[in-house]
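# Structure at a glance
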Amino acid sequence: MTKAILPLLVLLALAAGAAEAQSFFTPVGYRGAFDPAQPMGSQWTAGWTNFSPQSTAYGASRPQVVIGTGLGRPARESFFQNFNRRLDADTVYVLTGLYYVDSTRTLTVEPGTVVLGDSATQGTLIIRRGAFINAAATAGAPIVFAPLDPPGRRNPGDWGGIVLLGRAPVNKTEPVIEGGLIAGSYGGTNALDSTGVMQYVRIEYPGTRFQLNNEVNGLTMGGVGSKTRIDHVQVSYSFDDSFEWFGGTVDARYLVALGGTDDDFDSDFGWSGRVQFAWAKKDPNFFDAAGQTNGWESDNDDPPSLSNPRTSGTFSNVTLVGPQQDTSVAVNSRFERAALLRRNTRMSIHNSILMGYPFGIEIRNDTTAAGALASYLQVRNVSLQARTNVVTSSSVTIPFSAPTWFATAGWGNTGGTPRRPVDLVGTGVANWFDIANPAPIPVSGQGETALFTTNYNNPQLSVREIGEGAVPEGFLLQQNYPNPFNPTTLIRFSIPADARTTLAVYNLVGQRVAELVNGELAGGTYEVDFDASNLPSGTYFYRLSAGAFSRTGKMMLVK
Ligand SMILES: [Ca+2]
Ligand SMILES: [Ca+2]
Ligand SMILES: [Ca+2]
Ligand SMILES: [Ca+2]
């Protein structure tokens, strides 16, 4: 294929794809989810979030239409939407039974629509592999999924939740989604798959229990691909995790997890997406009475296999606030860690603030520790507060000190020593814990500066497409220029077709010191700057991986 015969539209599409890949992480000069220079009313949460879901009355003046298996039917009967359907904002919909949107079909939900989940039939919305949800709302007219139960009588697990399934890679073969009773599998070979759009959506009191220890999450994503668009989603008072990813490549922005009984962000089975700007707030009255309530939980799988793709998602700019504001709040022992990273996960946390949990970050299992030592799993520019066991490891037999690893010079992590909740007094976080009216915004000039530091250090995102969209015939990784260099150099590469692409820099002992590209790129030729200002002189390697292609170059930093 030559440039001359490429239609203009294809060229435009390629350029748009490249632009998307460079712009996932928005560079900002702060840790956590919120801009310290703005009041709460001007943050990305304004307008569409709700911190009083127990008392909010929904759609009383609108006619009700029952969808699915029907009220009064047995629990968990299946309904298959084998046609396209549109839900309108002038109607309140009652969701009954296991409501499947069948493959190739679309469920469109208008901005401002209210859908109430029925408890008795365990109303649950499932977008099957190949099907789509089109729920693109606005801050002024969010889409709300809430219980059918009236204000004052709502409980976590009143209804099911939303399950999105797709065809992106998962490290299991034809797995069955958590809950175990949902028909159809998920996962496949299309990293660029789409399950649709969810924007400005609230999901309140989901997580119905199908069987003991077998609940669905608020938003469950199984094998969901990177062309799916998920932003501005709040899950409140889920009876299981607020958000859980099982494999897939989907990214997300602007997530809120409020009062979930289990984990805020759980990932398993090879999820490799990215999340920026997320806020999680626990309610001390709601925890997982049968398990461990954590902020993050992440596994490659259980037992900890080396199956590919590895769980390798990256979170940046998260404000994670646990249940304990101060010692006046008694915290149930089911509340444990801000982050439990285990079973060979390579999930990373950047530019974030973690506080209010009894314990901090735990690296569990040898395979997880090995990934941390090789910088596949990264914790960078993180401010951490925990009462005890601030940074720990367990089930690790290889030489690895989690506190030493966390405190590595240049990584910007702070708070590695125990601090009691009472020690937070005077750090400007008093309203971070207010459930009904939270305002987790750093107060300028107050408290420990480390908690509110700038020092933004996301993976560099300076990849540029060159060559006017001409698609090269083969993969190519050019020698960096200049070389030797100090402190910046340019790396050029070509890929012949759309591919999930990573370009990372490693030191002589194989530790990843920088990630220059991580995302889908359209076929084309690209260049990216590498800035080694914060690295010592020496030999480094840069490795390009795109689809099945992988090639390594060598370069020399001379300061
Ligand atoms: Ca779960
Ligand atoms: Ca969980
Ligand atoms: Ca899990
Ligand atoms: Ca858990």
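Computed from a predicted model, the values in this text were never measured in an experiment.

Right, let's get into the overall build of the chain. If you tally the helices and strands in the chain, you get three helices and 35 strands. On C-alpha atoms alone, the chain measures out to a radius of gyration of 23 Å, which is about the 24 Å that the 2.2 N^0.38 rule sets for 559 residues. With respect to the principal axes defined by its C-alpha atoms, the chain has extents near 75 × 65 × 45 Å. When each of the 559 residues of the chain is scored for burial, the buried share is 54%. For the chain, long-range pairs separated by at least 24 residues make up 73% of all intrachain contacts whose partners lie at least 6 apart in sequence.

All right, on to the sheet that holds strand β30 (residues 488-495) then. Spatially, β28-β33-β30-β29 is the arrangement adopted by the four strands of the open sheet, whose pairing is antiparallel. The open sheet has two edge strands, β28 (464-466) and β29 (476-477), and neither has a second partner. Pairing between β29 and β30: two bridges, direction antiparallel. Counted as the bridge partner of leucine 476 is serine 494 from β30.

Counting buried positions over the eight residues of strand β22 (residues 314-321) gives eight, a clear majority of the element. Alignment of strand β20 (residues 274-281) against β22, held across seven bridges, turns out to be parallel. The residue bridging valine 275 from the neighbouring strand is phenylalanine 315, located in β22. The pairing of β22 with strand β24 (residues 348-357) spans six bridges and is parallel. Its bridge partner lying in β24, phenylalanine 315 is registered against isoleucine 349.

Another aspect to go through is the domain arrangement of the chain. Annotation of the chain at the domain level lists domain 1 (3-20 + 459-557), domain 2 (62-281) and domain 3 (323-457). Computed from C-alpha atoms alone, the centre-to-centre distance between domain 1 and domain 2 is 36 Å.

Here the focus is helix α2 (residues 366-373). All of the buried residues along α2 are Thr367, Thr368, Ala369, Gly371 and Ala372. Buried residues along α2 sit in contact with β23 (337-341), β25 (359-364), β27 (391-394) and α3 (402-406). Among the residues trailing α2, serine 375 stands out with phi positive, at a value near 65 degrees.

Quick look at the pairing of strand β18 (residues 252-258) now. Counted residue by residue, β18 has seven buried out of seven residues, so it is predominantly covered. With five bridges joining them, strand β16 (residues 229-236) and β18 adopt parallel strand pairing. Bridge pairing links glutamine 234 to valine 256 in β18. Relative to β20, β18 runs parallel, the two being bridged by six bridges. Residue pairing in the sheet places valine 256 in a bridge with tryptophan 279 of β20.

Bringing the sheet that holds strand β35 (residues 549-557) into the picture now. The four strands are arranged β32-β31-β34-β35 in an open sheet whose pairing can be described as antiparallel. Of all strands in the sheet, those bounded by a partner on one side alone are β32 (512-521) and β35. Neighbour to neighbour, the strand axes of the sheet diverge by 15 degrees on average, direction disregarded. The sheet contact formed by strand β34 (residues 538-546) and β35 spans nine bridges and is antiparallel. By the bridge assignment, arginine 543 is partnered in β35 with threonine 552.

Burial of nonpolar side chains together is a common tendency in soluble globular proteins. Counting 113 residues, the largest nonpolar core has Ile127, Val163, Leu255 and Ala278 as its most contacted members. Of all the elements, β18 adds the most residues to this core, at six residues. Residue assignment places this core across two domains, with domain 2 (62-281) and domain 3 (323-457) each supplying three or more. Not counting chain neighbours up to four residues away, the residues in contact with isoleucine 127 comprise Val101, Leu107, Phe132, Ile133, Val163, Leu164, Leu165, Thr195 and Gly196. Formed by 21 residues, the second largest nonpolar core is a distinct cluster that contains Phe493, Ile495, Ala514 and Val528.

A few words now on unusual backbone geometry. The linkage connecting tyrosine 481 with the following residue, proline 482, adopts the cis geometry, with an omega of -5 degrees. Residue proline 487 is bonded to the preceding asparagine 486 through a cis peptide linkage, with omega at -10 degrees. Structurally, proline 487 is set in the loop between β29 and β30. The phi torsion at tyrosine 200 lies on the positive side, around 55 degrees, for a residue other than glycine.

Once that is clear, we can look at the environment of phenylalanine 400. Locating phenylalanine 400 in the fold gives a position in the loop between β27 and α3. Separated by 37 residues in sequence, phenylalanine 400 and isoleucine 363 place their C-alpha atoms 9.9 Å apart. Ignoring anything within four residues of it in the chain, the contact list for phenylalanine 400 reads Ala369, Leu373, Ser393 and Trp405.

Before going further, it helps to spend a moment on the environment of phenylalanine 210. Counting through the fold element by element, phenylalanine 210 comes out in strand β13 (residues 209-211). Phenylalanine 210 sits in the partly exposed class, given 19 other C-beta atoms within 10 Å. Here the alpha-carbon distance between phenylalanine 210 and aspartate 241, two residues 31 residues apart in the chain, equals 14 Å.

Attention now moves to the confidence of the model for the chain. On average, residues of the chain carry a pLDDT of 88, and 91% of them reach 70 or more. Contacts for the low-pLDDT stretch residues 1-22, under 50 throughout, to residues beyond four places or in other chains number 24 contacts.

What counts, and where the lines are drawn
- Residues numbered from 1 in each chain as written.
- Chains lettered and ligands numbered in written order.
- Predicted model: local features only at pLDDT ≥ 70, side-chain atom pairs only at ≥ 80, totals over all residues.
- Helix = DSSP H or I, 4+ residues; strand = E, 2+ residues; numbered from the N terminus.
- Rg over C-alpha atoms; globule rule 2.2 N^0.38 Å.
- Buried ≥ 20, exposed ≤ 12 C-beta atoms within 10 Å, placed from the backbone.
- Contact = placed C-beta atoms within 7 Å.
- Pairing = 2+ DSSP bridges.
- Domains from an automatic or database assignment.
- Axes fitted to C-alpha atoms, helices over the stretch in contact; angles between N-to-C directions.
- Core = buried A, V, L, I, M, F, W, Y, C linked by C-beta atoms within 7 Å.
- pLDDT = per-residue confidence, 0-100.

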